[in-house]
Amino acid sequence: MLERALRIEDCVNDICPWSGKPVSADSLTLYRGKVVGFCNPGCRDKFEAATNMFDAAVNPTMEA
């Protein structure tokens, strides 16, 4: 299955939740069906790691 490219126009936020800086088009992720933006790929990756760990802890049958 082909994933569609994430677009900054679909982003639910304008400000990075980690840094408070504006989001960047190269730093988007899909979380629970919504496009979430970050100021840089490092913040995005930190968010993905944190949510994967949380989801795995809450539901141990999920793969992280």
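Just so you know, these numbers come straight off a predicted model, no measurement behind them.

### Here we look at the packing of aromatic side chains
In step 1: Applying the stated criterion to the full structure yields 2 aromatic pairs.
In step 2: Aromatic side chains Tyr31 and Phe47 sit 5.2 Å apart centroid to centroid with 80° between the ring planes, which places their arrangement in the edge-to-face category. In this pair, Tyr31 is assigned in strand 1 (residues 28-31) and Phe47 in helix 1 (residues 41-58), connecting sequence segments 16 residues apart.
In step 3: Taking relative accessible area as the criterion, Tyr31 reaches 22% and is therefore assigned partly exposed.
In step 4: Taking 5.0 Å as the distance between ring centres and 40° as the angle between the ring planes, the aromatic pair formed by Phe38 and Phe47 counts as tilted.

### Some thoughts on the confidence of the model for the protein
In step 1: Mean pLDDT over the protein stands at 90; residues scoring 70 or higher make up 91%.
In step 2: Of all helices and strands in the protein, the one with the weakest mean pLDDT is helix 1 (93), whereas strand 2 (residues 34-37) scores best (98).

The rules we used
- Residues numbered from 1 in each chain as written.
- Predicted model: local features only at pLDDT ≥ 70, side-chain atom pairs only at ≥ 80, totals over all residues.
- Heavy atoms only, no water.
- Phe/Tyr/Trp six-rings, centres within 6.5 Å; stacked < 30°, edge-to-face > 60°.
- Helix = DSSP H or I, 4+ residues; strand = E, 2+ residues; numbered from the N terminus.
- Buried < 20%, exposed > 50% of the residue type's maximum accessible area, 1.4 Å probe, protein only.
- pLDDT = per-residue confidence, 0-100.

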